[in-house]
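The chain contents come next:
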Amino acid sequence: MLHVLTLSSLFPDATRPNFGVFVERQTAALSARPGVAVRVVAPIGLPIWPLARAGRFRVQAALPLRETWHGLDVSRPRFVTLPGTGGRFHVAALVRALAPVLDALWAEQRFDVIDASFFFPDGPAAVALGRRYGVPVSIKARGADIHHWGYAPATRAQVARAARAADGLLAVSDAMADDVAALGVARQHVRVHHTGVDQARFQPTDRAEAKRALGVAGPLVLSLGALIPRKGHGVVIDAVARLPGVTLMIVGEGAERDALATRSRRLGIADRVRLVGGMPHHDLPALLGAADVMALASVSEGLANAWVEALACGTPIVITPAGGARDVVTSRAAGRIASADAGAFAAAIGEVLAQAPDPWTVRAAVRDFTWPANAAALHSHLAELVGRRNDSAPR
């Protein structure tokens, strides 16, 4: 039996059911494999008192310290974050918070490997804790955990040291693997580990009927992601302004909501742009299946789950060259890769709308992106790390 401790600060809870849902899916798929037992530690960062008593932090502070979450044994220790420090002290605070929790889990059942599913602060903390328990550590790079924390002055040295010290490294795309290697590790030591998608839930549907259910007539473009500058929703709004008769739905929450609404009004297309807010993950297949194009003008990505889920629904994508774009846009049917400006995006969206590719041909681009395949690869990777550690142990 392979006993895995999954460590991830990116994991859903009752206050944030969509937060890191792909990590939950990956972990659940791994747990379902024969010969694997998984426990999850999903730490929650809270600011110092009295800020921790305000708003969403107060609700998060009230979450159970340990619970069964969708069949997984999940511990949720709290660690203190210090505003204004750029994350410099996150790792030290996280290690202090995790040590007693992992000691208790170790006493219940020793784990063989620590699987850190987000690079910062999880990765450096996992390396320190791996030494504490004498077990190997794997760290997975997903996107902003490298693109932001790996270059931020206060944290870049910690990220680079963890990359060099980890027993195994994973990345969500080829481009992401190159970014990890740039931290000072050999590229061949970083394995590409693609995300999965529930192929039974995310699949083509009757697009015309799905549009009618949404009250949409004519072409529909969907932009899916947090309402933050990095996701480039403003570029998609500007592009749709150049495409008469096209409706744009933007799904996500964030600080840019008011600015995006103002942008739509200024361009005179507020009647064609719907800011629908956040949406439960289980409702996304119907929306993705209704769209003619999923467009996301991200400045940076690892390999966006929204890309894979859209393609699985038979919806072509128009995206920037960010991250693993070329891992998924492998044919003209799958969509287009365009520079992040309104003119290029408008032209690319227009081409896809004119082409109207067969949804099942679009879906073929991600036929290998399944949770069973993802879990099998992760199982093999972690088992190899444990075997390597055991082989090198003194006898």
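Residues numbered from 1 in each chain as written. Predicted model: local features only at pLDDT ≥ 70, side-chain atom pairs only at ≥ 80, totals over all residues. Heavy atoms only, no water.

Per an unreviewed UniProt entry, the protein is named Glycosyltransferase involved in cell wall biosynthesis, and its organism is Sphingomonas pseudosanguinis.

**Regarding the packing of helix H4 (residues 122–133) against helix H6 (residues 156–165)**
Between H4 and H6, the least distance of the axes is 8 Å, while the angle of their chain directions is 45°. In terms of orientation, H4 and H6 fall into the oblique class. Seen from above, H4 lies across H6 with left-handed handedness. Contacts between H4 and H6 involve Gly123, Pro124, Val127 and Arg131 from the former and Gln158, Ala162 and Ala165 from the latter. (Axes fitted to C-alpha atoms, helices over the stretch in contact; angles between N-to-C directions. Helix = DSSP H or I, 4+ residues; strand = E, 2+ residues; numbered from the N terminus. Parallel < 35°, antiparallel > 145°, perpendicular 65-115°, else oblique. Left-handed = near helix turned anticlockwise from the far one by under 90°. Contact = heavy atoms within 4.5 Å.)

**With respect to the domain arrangement of the protein**
Domains assigned within the protein are domain 1 (2–196 + 370–392) and domain 2 (207–365). Every contact between the two is made by 15 residues of domain 1 and, on the other side, 13 residues of domain 2. Both sides together, the interface formed by domain 1 and domain 2 hides about 990 Å², and carbon and sulfur atoms give 53% of it. Among the residues domain 1 hides against domain 2, the three largest losses belong to Asn18, His147 and Thr195. Together they make up 35% of the total. Connecting domain 1 to domain 2 are zero salt bridges. The interface formed by domain 1 and domain 2 holds eight residue pairs in polar contact (both at pLDDT 80 or more) in total. Broken down by secondary-structure element, the contributors of at least two residues to the side of domain 1 that touches domain 2 are helix H1 (21–31), helix H5 (144–147) and helix H7 (174–181). (Domains from an automatic or database assignment. Buried area = accessible area lost by both parts, 1.4 Å probe. Salt bridge = Lys/Arg side-chain N within 4 Å of Asp/Glu carboxyl O. Polar contact = N/O pair within 3.5 Å; in protein donor to acceptor, adjacent residues only side chain to side chain.)

**Notes on the UniProt feature "domain: Glycosyl transferase family" (unreviewed entry) in the protein**
In the numbering used here, UniProt assigns the feature "domain: Glycosyl transferase family" (unreviewed entry) to residues 217–355. Taken end to end, residues 217–355 comprises 37% helix and 18% strand; its first and last C-alpha atoms sit 18 Å apart. (UniProt positions renumbered as here; feature names shortened; annotations may be inferred.)

**Observations concerning the environment of Gly20**
Structurally, the position occupied by Gly20 is in the loop between strand E1 (2–7) and H1. On a C-alpha basis, the gap between Gly20 and Ala217 in space is 33 Å, while along the polypeptide they are 197 residues apart. Not counting the four nearest positions on each side in its chain, Gly20 is found in contact with Leu10, Phe11 and Pro12.

**Considering the sheet that holds strand E4 (residues 66–69)**
Taking strand neighbours across the sheet as the criterion, the eight strands line up as E4-E5-E2-E1-E7-E8-E9-E10 in an open arrangement whose pairing is mixed. If you trace the sheet from one side to the other, it starts and ends with E4 and strand E10 (190–192), each paired once. Pairwise comparison of adjacent strand axes, ignoring direction, gives a mean angle of 25° for this sheet. Examined bridge by bridge, strand E7 (residues 113–116) and strand E8 (residues 137–141) share three bridges and lie parallel to one another. The partner of Ile114 across the bridge, within E8, is Val137. (Pairing = 2+ DSSP bridges.)

**Here we look at the sheet that holds strand E14 (residues 293–296)**
On the basis of which strands lie adjacent, the open sheet formed by six strands has the order E13-E12-E11-E14-E15-E16 and parallel pairing. With partners counted over all chains shown, the strands left at the sheet margins are strand E13 (273–277) and strand E16 (335–337), one partner each. Going from strand to strand, the sheet's axes swing by 20° on average, the running direction of each strand aside.

**A look at the packing of aromatic side chains**
This model, assessed by the stated rule, comprises four aromatic pairs. Here Trp106 and Phe111 contribute two aromatic rings whose centre-to-centre distance is 4.9 Å and whose plane-to-plane angle is 75°, an arrangement assigned as edge-to-face. For the pair shown, Trp106 and Phe111 are each scored as buried. Taking the centre distance of 5.2 Å and the plane angle of 35° together, the rings of Trp106 and Tyr133 count as tilted. On the criterion of sequence distance, the pair formed by Trp106 in helix H3 (residues 90–108) and Tyr133 in helix H4 is long-range, its members being 27 residues apart. In terms of burial, Trp106 and Tyr133 fall into one category: buried. Site record: aromatic cluster; members linked through ring pairs are Trp106, Phe111 and Tyr133. Cation over ring: Arg16 sits above Phe19, and NZ or CZ is 4.2 Å from the ring centre. (Phe/Tyr/Trp six-rings, centres within 6.5 Å; stacked < 30°, edge-to-face > 60°. Buried < 20%, exposed > 50% of the residue type's maximum accessible area, 1.4 Å probe, protein only. Lys NZ or Arg CZ within 6 Å of the ring centre and 35° of its normal.)

**Remarks on helix H9 (residues 233–241)**
Taking burial as the measure, the nine residues of H9 include seven buried ones, the bulk of the element. Each element contacted by the buried residues of H9 is listed here: strand E11 (220–224), strand E12 (247–251), helix H10 (257–266), E14 and helix H14 (342–355).

**Remarks on the packing of H9 against H10**
Two elements in contact, H9 and H10, have axes separated by 10 Å at closest approach and are oriented at 15°. Judged by the inter-axis angle, H9 sits roughly parallel to H10. In this structure, H9 crosses over H10, and the sense of that crossing is right-handed. Residues His233, Gly234, Ile237 and Asp238 of H9 pack against Leu260, Arg263 and Ser264 of H10. The class makeup of the residues in the contact of H9 with H10 is two nonpolar, three polar and two charged. (Nonpolar A, V, L, I, M, F, W, Y, C, P; charged D, E, K, R; others polar.)

**Considering the nonpolar core**
Core analysis: the biggest nonpolar cluster contains 77 residues, and Met294, Trp307 and Val328 have the highest contact counts within it. Here this core takes eight residues from H3, the largest share from any one element. Each of two domains, domain 1 (2–196 + 370–392) and domain 2 (207–365), supplies a minimum of three residues to this core. Setting aside its immediate chain neighbours within four residues, Val328 contacts Leu303, Trp307, Val308, Leu311, Ile317, Ile319, Ala334, Ala365, Val366 and Phe369. Residues Leu248, Leu260, Val293 and Ala338 belong to the second largest nonpolar core, which totals 25 residues. (Core = buried A, V, L, I, M, F, W, Y, C linked by side-chain atoms within 4.5 Å.)

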